[in-house]
Amino acid sequence: MVLSETAERITSMEIRGAGRIARAAVEALKEYSEGLDSPDLTAYKKSMQEAADTLLATRPTAVSLPNAIHYTLASLKAADSLPAARAALRERADEFIRSSLHAIEWIAEIGARHISDGDVLLTHCNSQAALACIIEAHRQGKEIEVYATEVRPRGQGLLTLQALDQAGIRTNYIIDSAVRHFMNEIDLVIVGADAVTVNGAVVNKIGTAPIALAANEARTNVIVAAETYKFAPLTILGDLIEIEERSGSEVLSEEIAARFRHVTIRNPVFDVTPASYIDLIITEKGALPPGLAYVIIRDYLGWSIEEFSKPHGLDDRNTD
Ligand code: RUB
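Computed from a prediction, not measured in an experiment: that's the story for all the values here. Every chain is numbered independently, its residues counted from 1 as its sequence is written. The model is predicted, so local features are restricted to residues of pLDDT at least 70 and side-chain atom pairs to those at 80 or more, both for listing and for counting; the totals for chains, interfaces and linings are taken over all residues. Heavy atoms throughout the structure, all of them, feed into the side-chain values; hydrogens and water do not.

(A) Representation of the sheet that holds strand S10 (residues 286-288) within the structure. Pairing within the open sheet is mixed, and its seven strands lie in the order S3-S2-S1-S4-S7-S9-S10. Sheet topology places strand S3 (170-174) and S10 at the edges, where each strand pairs with a single neighbour. Across the sheet, the mean angle from the axis of one strand to that of its neighbour is 25°, orientation sign disregarded. Residue contacts are counted whenever heavy atoms from the two residues lie within 4.5 Å of one another. Angles run from 0 to 180 degrees between N-to-C directions of axes, and those axes are lines fitted to C-alpha atoms, restricted for helices to the stretch in contact. Here a strand is any run of E in DSSP of at least two residues, a helix any run of H or I of at least four, and the numbering for each starts at the N terminus. Most of the contacts of helix H6 (residues 128-139) go to strand S4 (residues 188-191), to which it runs at about 135°, and overall it touches strand S1 (120-123), strand S2 (145-149), S4 and strand S7 (221-225). DSSP-based pairing: two strands are paired if at least 2 bridges between them are found.

(B) Seen up close, helix H4 (residues 64-73). Buried means the residue's accessible area, taken with a 1.4 Å probe over protein chains only, is under 20% of the maximum for its type, while exposed means over 50%, and partly exposed covers the values in between. Within H4, seven of the 10 residues are buried, which leaves it mostly tucked inside the rest of the structure. Among all positions in H4, only Ser64, Leu65, Asn67, Ala68, Ile69, Thr72 and Leu73 are buried. For H4, the elements touching its buried residues are helix H2 (18-35), helix H3 (41-56) and helix H5 (82-112).

(C) A look at the pairing of strand S6 (residues 202-205). Pairing geometry for strand S5 (residues 195-196) and S6, over two bridges, is antiparallel. The partner of alanine 195 across the bridge, within S6, is valine 203.

(D) Structural detail: the environment of alanine 212. Among the structural elements, alanine 212 can be located in helix H9 (residues 208-217). By relative accessible area, which is 2% here, alanine 212 ends up buried. Linking alanine 212 and threonine 273, residues 61 residues apart in sequence, is a C-alpha distance of 7.0 Å. The residues contacting alanine 212, other than those within four sequence positions of it, are Val222, Thr273 and Tyr277.

(E) Structural view of the pairing of S3. Pairing analysis gives five bridges linking S2 to S3, with the strands arranged parallel. Along S3, the bridge assignment pairs glutamate 145 with arginine 170. Crossover handedness for the path S2 to helix H7 (residues 157-167) to S3: right-handed. By convention, orient the strands away from the viewer: a clockwise path from the first strand over the helix to the second makes the crossover right-handed.

(F) Quick peek at the sheet that holds strand S8 (residues 270-273). Here three strands make up an open sheet; going across it, the order is S5-S6-S8 and the pairing antiparallel. In this open sheet, the two strands that pair with only one neighbour each are S5 and S8. Pairing of S6 with S8 involves four bridges; the strand directions are antiparallel. Within S8, the position partnered with asparagine 204 by the bridge is aspartate 271. Set on the sheet, H9 makes contact with S6 and S8; between it and S8 the angle comes to about 35°.

(G) How the structure looks around the site of the ligand. Whether a residue is near a molecule or strand is decided by its heavy atoms; if any one of them lies within 4 Å of it, the residue is near. Contacts to the ligand come from 18 residues, most closely from Arg16, Ser127, Gln128, Asn204 and Lys205. The term polar contact refers here to a pair of N or O atoms within 3.5 Å; inside protein, the definition further demands a hydrogen-donor-capable atom paired with an acceptor-capable atom, and it admits residues adjacent in sequence only when both atoms are side-chain atoms. At 2.9 Å, a backbone N or O of glycine 17 approaches an oxygen atom of the ligand. For the ligand, whose unbound accessible area comes to 460 Å², protein coverage reaches 100%. With a 1 Å grid laid over protein atoms only, a set of points is called a cavity when a 1.4 Å probe fits there but cannot get out and a pocket when it is open yet has protein on both sides within 12 Å along at least five of seven lines; lining residues have an atom within 4 Å of a point. What decides whether a molecule sits in a cavity or pocket is whether more than half of its atoms lie within 2 Å of the grid points. Because more than half of its atoms lie within 2 Å of the grid, the ligand is assigned to the largest cavity. Secondary-structure elements contributing two or more residues to the shell around the ligand are H2, H6 and S6. Only Asp, Glu, Lys and Arg are considered charged, only Ala, Val, Leu, Ile, Met, Phe, Trp, Tyr, Cys and Pro nonpolar, and every remaining residue, Gly among them, polar. In terms of residue class, the shell around the ligand is built from six nonpolar, seven polar and five charged. Looking at which domains feed residues into the shell around the ligand, each of domain 1 (2-105 + 305-319) and domain 2 (114-299) gives three or more. Surface accessibility follows the Shrake-Rupley procedure with a 1.4 Å probe radius. Residue values consider only the protein chains on display as shielding. Boundary definitions for the domains trace back to an automatic or database domain assignment.

Fair warning: the whole summary comes from geometry, so function is off the table for now.
This is the structure:
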(Lines give C-alpha, C1' and ligand atoms only; values in the text may rest on other atoms or scores of the structure.)
Protein backbone atom coordinates (compact mmCIF):
# COMPACT_ATOMS: atom_id res chain seq x y z
CA MET A 1 0.00 0.00 0.00
CA VAL A 2 1.32 3.46 -0.81
CA LEU A 3 2.09 5.77 2.08
CA SER A 4 -0.61 8.33 1.23
CA GLU A 5 -3.17 5.52 1.30
CA THR A 6 -2.15 4.52 4.83
CA ALA A 7 -2.29 8.18 5.85
CA GLU A 8 -5.79 8.46 4.40
CA ARG A 9 -6.94 5.30 6.18
CA ILE A 10 -5.66 6.68 9.49
CA THR A 11 -7.34 10.04 8.94
CA SER A 12 -10.66 8.42 8.03
CA MET A 13 -10.31 6.07 11.04
CA GLU A 14 -10.41 2.94 8.92
CA ILE A 15 -7.19 2.27 10.81
CA ARG A 16 -7.80 3.41 14.38
CA GLY A 17 -6.71 2.85 17.96
CA ALA A 18 -3.38 4.21 19.16
CA GLY A 19 -1.40 0.97 18.87
CA ARG A 20 -2.73 0.05 15.44
CA ILE A 21 -2.11 3.57 14.14
CA ALA A 22 1.52 3.43 15.30
CA ARG A 23 2.18 0.04 13.72
CA ALA A 24 0.47 0.98 10.45
CA ALA A 25 2.54 4.18 10.22
CA VAL A 26 5.80 2.34 10.86
CA GLU A 27 4.90 -0.34 8.31
CA ALA A 28 4.11 2.42 5.79
CA LEU A 29 7.47 4.11 6.44
CA LYS A 30 9.26 0.82 5.90
CA GLU A 31 7.46 0.11 2.63
CA TYR A 32 8.06 3.67 1.48
CA SER A 33 11.77 3.38 2.26
CA GLU A 34 12.06 0.12 0.32
CA GLY A 35 10.54 1.62 -2.80
CA LEU A 36 12.32 4.97 -2.62
CA ASP A 37 14.58 5.77 -5.56
CA SER A 38 16.91 8.36 -4.01
CA PRO A 39 20.15 9.56 -5.60
CA ASP A 40 21.99 9.77 -2.27
CA LEU A 41 21.67 9.53 1.50
CA THR A 42 20.75 13.20 1.97
CA ALA A 43 17.90 12.97 -0.54
CA TYR A 44 16.75 9.70 1.03
CA LYS A 45 16.64 11.23 4.53
CA LYS A 46 14.76 14.26 3.23
CA SER A 47 12.14 12.08 1.52
CA MET A 48 11.77 9.95 4.65
CA GLN A 49 11.22 13.07 6.76
CA GLU A 50 8.53 14.25 4.32
CA ALA A 51 6.86 10.85 4.49
CA ALA A 52 6.96 11.02 8.29
CA ASP A 53 5.38 14.49 8.19
CA THR A 54 2.52 13.17 6.04
CA LEU A 55 1.82 10.46 8.59
CA LEU A 56 2.21 12.81 11.56
CA ALA A 57 -0.44 15.12 10.08
CA THR A 58 -3.14 12.43 10.09
CA ARG A 59 -4.42 12.51 13.67
CA PRO A 60 -3.04 14.76 16.39
CA THR A 61 -3.82 13.07 19.70
CA ALA A 62 -2.39 9.55 19.92
CA VAL A 63 1.23 10.11 20.96
CA SER A 64 2.01 6.57 19.88
CA LEU A 65 2.19 7.96 16.34
CA PRO A 66 4.99 10.54 16.81
CA ASN A 67 6.79 8.29 19.27
CA ALA A 68 6.80 5.38 16.81
CA ILE A 69 7.83 7.56 13.88
CA HIS A 70 10.63 9.30 15.76
CA TYR A 71 11.89 5.98 17.08
CA THR A 72 11.94 4.53 13.56
CA LEU A 73 13.62 7.55 11.96
CA ALA A 74 16.21 7.75 14.74
CA SER A 75 17.71 4.60 13.19
CA LEU A 76 18.97 6.76 10.30
CA LYS A 77 21.25 8.88 12.47
CA ALA A 78 24.22 6.54 12.49
CA ALA A 79 23.89 5.38 8.86
CA ASP A 80 26.76 6.48 6.61
CA SER A 81 25.44 5.18 3.29
CA LEU A 82 22.10 4.81 1.56
CA PRO A 83 22.00 0.98 1.78
CA ALA A 84 22.98 1.16 5.46
CA ALA A 85 20.21 3.68 6.12
CA ARG A 86 17.61 1.58 4.36
CA ALA A 87 18.69 -1.55 6.24
CA ALA A 88 18.72 0.25 9.59
CA LEU A 89 15.22 1.62 9.01
CA ARG A 90 13.91 -1.79 7.97
CA GLU A 91 15.39 -3.40 11.06
CA ARG A 92 14.09 -0.67 13.38
CA ALA A 93 10.59 -0.79 11.87
CA ASP A 94 10.38 -4.57 12.23
CA GLU A 95 11.68 -4.33 15.75
CA PHE A 96 9.08 -1.70 16.70
CA ILE A 97 6.19 -3.70 15.27
CA ARG A 98 7.37 -6.89 16.95
CA SER A 99 7.95 -5.30 20.32
CA SER A 100 4.68 -3.37 20.28
CA LEU A 101 2.76 -6.61 19.73
CA HIS A 102 4.82 -8.25 22.42
CA ALA A 103 4.01 -5.35 24.75
CA ILE A 104 0.31 -6.14 24.46
CA GLU A 105 1.00 -9.73 25.52
CA TRP A 106 2.89 -8.52 28.59
CA ILE A 107 0.19 -6.01 29.43
CA ALA A 108 -2.41 -8.79 29.17
CA GLU A 109 -0.39 -10.92 31.57
CA ILE A 110 0.15 -8.11 34.09
CA GLY A 111 -3.34 -6.63 33.72
CA ALA A 112 -5.05 -9.99 34.23
CA ARG A 113 -3.43 -10.18 37.70
CA HIS A 114 -5.52 -7.16 38.67
CA ILE A 115 -8.77 -8.78 37.59
CA SER A 116 -10.31 -11.11 40.15
CA ASP A 117 -12.59 -14.08 39.81
CA GLY A 118 -16.18 -12.80 39.85
CA ASP A 119 -15.31 -9.26 38.77
CA VAL A 120 -17.71 -7.13 36.77
CA LEU A 121 -15.66 -4.87 34.48
CA LEU A 122 -16.46 -1.81 32.45
CA THR A 123 -14.54 -0.79 29.36
CA HIS A 124 -14.94 2.13 27.00
CA CYS A 125 -14.12 2.46 23.32
CA ASN A 126 -12.06 -0.27 21.69
CA SER A 127 -8.62 -0.71 23.16
CA GLN A 128 -6.49 -3.67 22.15
CA ALA A 129 -4.44 -3.32 25.34
CA ALA A 130 -7.46 -3.16 27.68
CA LEU A 131 -9.21 -6.00 25.87
CA ALA A 132 -6.09 -8.14 26.03
CA CYS A 133 -6.17 -7.93 29.86
CA ILE A 134 -9.86 -8.85 29.98
CA ILE A 135 -9.50 -11.73 27.53
CA GLU A 136 -6.43 -13.06 29.36
CA ALA A 137 -8.29 -13.02 32.70
CA HIS A 138 -11.09 -15.00 31.06
CA ARG A 139 -8.58 -17.39 29.50
CA GLN A 140 -7.16 -18.04 32.96
CA GLY A 141 -10.59 -19.28 33.98
CA LYS A 142 -11.73 -16.22 35.94
CA GLU A 143 -15.48 -15.80 35.89
CA ILE A 144 -15.96 -12.25 34.63
CA GLU A 145 -18.68 -10.10 33.13
CA VAL A 146 -18.16 -6.92 31.12
CA TYR A 147 -20.09 -3.73 30.50
CA ALA A 148 -19.07 -2.22 27.14
CA THR A 149 -20.16 1.24 26.05
CA GLU A 150 -21.57 2.19 22.67
CA VAL A 151 -19.03 5.03 22.08
CA ARG A 152 -20.86 7.80 20.27
CA PRO A 153 -20.47 8.98 17.59
CA ARG A 154 -18.37 6.35 15.78
CA GLY A 155 -19.61 3.28 17.63
CA GLN A 156 -16.27 1.61 18.42
CA GLY A 157 -18.16 -0.31 21.13
CA LEU A 158 -19.33 -2.71 18.43
CA LEU A 159 -15.73 -3.74 17.78
CA THR A 160 -15.34 -4.39 21.48
CA LEU A 161 -18.53 -6.47 21.52
CA GLN A 162 -17.20 -8.54 18.65
CA ALA A 163 -13.92 -9.25 20.44
CA LEU A 164 -15.57 -10.10 23.76
CA ASP A 165 -18.27 -12.21 22.18
CA GLN A 166 -15.72 -14.12 20.14
CA ALA A 167 -13.79 -14.82 23.34
CA GLY A 168 -16.99 -16.12 24.94
CA ILE A 169 -17.17 -13.39 27.59
CA ARG A 170 -20.55 -12.39 29.02
CA THR A 171 -21.06 -8.77 27.99
CA ASN A 172 -23.63 -6.04 28.54
CA TYR A 173 -23.83 -3.36 25.86
CA ILE A 174 -24.85 0.06 27.19
CA ILE A 175 -25.18 3.57 25.85
CA ASP A 176 -22.48 5.96 27.06
CA SER A 177 -24.85 7.94 29.25
CA ALA A 178 -25.88 4.78 31.17
CA VAL A 179 -22.45 4.45 32.80
CA ARG A 180 -23.34 6.11 36.10
CA HIS A 181 -26.56 4.13 36.34
CA PHE A 182 -24.57 0.90 36.33
CA MET A 183 -21.43 2.04 38.15
CA ASN A 184 -22.42 0.52 41.50
CA GLU A 185 -22.40 -2.91 39.84
CA ILE A 186 -18.89 -2.44 38.47
CA ASP A 187 -15.81 -3.72 40.32
CA LEU A 188 -13.19 -2.37 37.94
CA VAL A 189 -13.01 0.05 35.03
CA ILE A 190 -10.34 -0.81 32.47
CA VAL A 191 -9.57 1.38 29.48
CA GLY A 192 -6.73 2.07 27.07
CA ALA A 193 -4.86 5.29 26.34
CA ASP A 194 -3.91 7.48 23.43
CA ALA A 195 -1.46 9.42 25.55
CA VAL A 196 -0.19 9.52 29.13
CA THR A 197 1.31 12.81 30.30
CA VAL A 198 4.28 13.24 32.61
CA ASN A 199 1.93 13.95 35.53
CA GLY A 200 -0.01 10.74 34.91
CA ALA A 201 -3.09 12.19 33.25
CA VAL A 202 -4.55 9.91 30.62
CA VAL A 203 -5.92 11.00 27.26
CA ASN A 204 -8.39 8.51 25.86
CA LYS A 205 -11.68 8.33 23.94
CA ILE A 206 -14.16 11.06 24.78
CA GLY A 207 -16.27 9.89 27.70
CA THR A 208 -13.39 8.29 29.60
CA ALA A 209 -13.11 11.24 32.00
CA PRO A 210 -16.79 11.17 33.10
CA ILE A 211 -16.53 7.39 33.52
CA ALA A 212 -13.52 7.89 35.80
CA LEU A 213 -15.43 10.57 37.74
CA ALA A 214 -18.39 8.24 38.23
CA ALA A 215 -16.01 5.45 39.25
CA ASN A 216 -14.31 7.72 41.76
CA GLU A 217 -17.64 8.64 43.30
CA ALA A 218 -18.58 4.96 43.56
CA ARG A 219 -15.09 4.00 44.86
CA THR A 220 -14.55 1.76 41.86
CA ASN A 221 -10.95 1.30 40.74
CA VAL A 222 -9.86 2.56 37.34
CA ILE A 223 -6.93 0.99 35.54
CA VAL A 224 -5.41 2.03 32.24
CA ALA A 225 -3.62 -0.37 29.90
CA ALA A 226 -0.96 1.54 27.97
CA GLU A 227 2.24 0.53 26.22
CA THR A 228 5.24 2.68 27.19
CA TYR A 229 5.26 4.34 23.77
CA LYS A 230 1.93 5.98 24.64
CA PHE A 231 3.69 8.15 27.23
CA ALA A 232 4.24 11.69 25.96
CA PRO A 233 7.84 12.93 26.41
CA LEU A 234 7.17 16.54 25.41
CA THR A 235 4.74 16.97 28.29
CA ILE A 236 7.90 17.24 30.42
CA LEU A 237 8.29 20.64 28.80
CA GLY A 238 4.70 21.58 29.51
CA ASP A 239 3.41 20.71 26.05
CA LEU A 240 -0.28 19.89 26.07
CA ILE A 241 -1.75 16.98 24.16
CA GLU A 242 -3.86 18.29 21.32
CA ILE A 243 -7.42 17.01 21.52
CA GLU A 244 -8.66 16.11 18.06
CA GLU A 245 -11.99 17.63 17.07
CA ARG A 246 -13.60 15.89 14.11
CA SER A 247 -16.37 16.91 11.78
CA GLY A 248 -19.79 17.59 13.27
CA SER A 249 -21.25 15.39 10.53
CA GLU A 250 -20.11 12.39 12.59
CA VAL A 251 -22.59 13.50 15.26
CA LEU A 252 -25.51 14.81 13.17
CA SER A 253 -26.06 14.30 9.47
CA GLU A 254 -25.50 17.36 7.32
CA GLU A 255 -29.12 17.15 6.20
CA ILE A 256 -30.45 17.47 9.76
CA ALA A 257 -27.82 20.00 10.76
CA ALA A 258 -28.88 22.18 7.82
CA ARG A 259 -32.28 22.71 9.51
CA PHE A 260 -30.66 24.80 12.23
CA ARG A 261 -29.28 28.27 11.77
CA HIS A 262 -27.83 28.89 15.24
CA VAL A 263 -26.33 25.52 16.04
CA THR A 264 -22.70 24.46 15.96
CA ILE A 265 -21.94 20.79 16.43
CA ARG A 266 -18.85 20.16 18.54
CA ASN A 267 -17.11 16.80 18.24
CA PRO A 268 -13.99 16.47 20.39
CA VAL A 269 -13.03 12.81 20.21
CA PHE A 270 -10.74 12.48 23.24
CA ASP A 271 -10.73 13.81 26.79
CA VAL A 272 -8.28 14.05 29.66
CA THR A 273 -8.66 12.07 32.87
CA PRO A 274 -6.57 13.53 35.70
CA ALA A 275 -4.14 11.22 37.47
CA SER A 276 -6.13 11.46 40.70
CA TYR A 277 -8.93 9.42 39.11
CA ILE A 278 -6.62 6.63 37.98
CA ASP A 279 -5.45 3.88 40.29
CA LEU A 280 -2.94 2.09 38.12
CA ILE A 281 -1.39 2.19 34.68
CA ILE A 282 -0.44 -1.19 33.28
CA THR A 283 2.53 -1.07 30.92
CA GLU A 284 4.62 -3.89 29.49
CA LYS A 285 7.29 -2.92 32.02
CA GLY A 286 4.94 -3.36 34.96
CA ALA A 287 2.03 -1.72 36.74
CA LEU A 288 2.64 1.72 38.19
CA PRO A 289 0.65 4.44 39.89
CA PRO A 290 0.09 7.37 37.49
CA GLY A 291 2.37 9.57 39.61
CA LEU A 292 5.32 7.54 38.32
CA ALA A 293 4.70 8.33 34.65
CA TYR A 294 7.92 10.35 34.53
CA VAL A 295 9.92 7.21 35.30
CA ILE A 296 8.57 5.54 32.15
CA ILE A 297 9.38 8.60 30.04
CA ARG A 298 12.92 8.77 31.47
CA ASP A 299 13.83 5.09 31.69
CA TYR A 300 12.04 3.62 28.68
CA LEU A 301 11.70 6.49 26.24
CA GLY A 302 15.07 8.00 27.14
CA TRP A 303 13.90 11.56 27.82
CA SER A 304 14.95 13.19 31.09
CA ILE A 305 14.40 16.60 32.62
CA GLU A 306 18.19 16.92 33.10
CA GLU A 307 18.69 16.59 29.35
CA PHE A 308 16.53 19.62 28.68
CA SER A 309 18.82 21.88 30.67
CA LYS A 310 21.60 21.20 28.16
CA PRO A 311 22.02 23.74 25.38
CA HIS A 312 21.13 21.51 22.42
CA GLY A 313 17.77 21.88 20.72
CA LEU A 314 14.89 19.48 20.81
CA ASP A 315 15.62 18.41 17.25
CA ASP A 316 18.65 16.57 18.52
CA ARG A 317 16.46 14.30 20.61
CA ASN A 318 15.76 10.79 19.67
CA THR A 319 14.56 7.73 21.51
CA ASP A 320 17.81 5.77 21.21
C1 RUB B 1 -9.30 4.85 20.25
C2 RUB B 1 -9.14 4.91 21.72
C3 RUB B 1 -8.48 3.75 22.40
C4 RUB B 1 -6.97 4.02 22.50
C5 RUB B 1 -6.20 2.81 22.98
O6 RUB B 1 -9.83 6.02 19.67
O7 RUB B 1 -9.45 5.89 22.35
O8 RUB B 1 -9.00 3.58 23.69
O9 RUB B 1 -6.47 4.40 21.24
O10 RUB B 1 -6.34 1.76 22.04
P11 RUB B 1 -10.12 6.07 18.10
P12 RUB B 1 -5.24 0.61 21.87
O13 RUB B 1 -11.11 5.00 17.80
O14 RUB B 1 -10.63 7.45 17.86
O15 RUB B 1 -8.79 5.85 17.39
O16 RUB B 1 -5.09 -0.02 23.22
O17 RUB B 1 -5.83 -0.32 20.86
O18 RUB B 1 -3.97 1.25 21.40
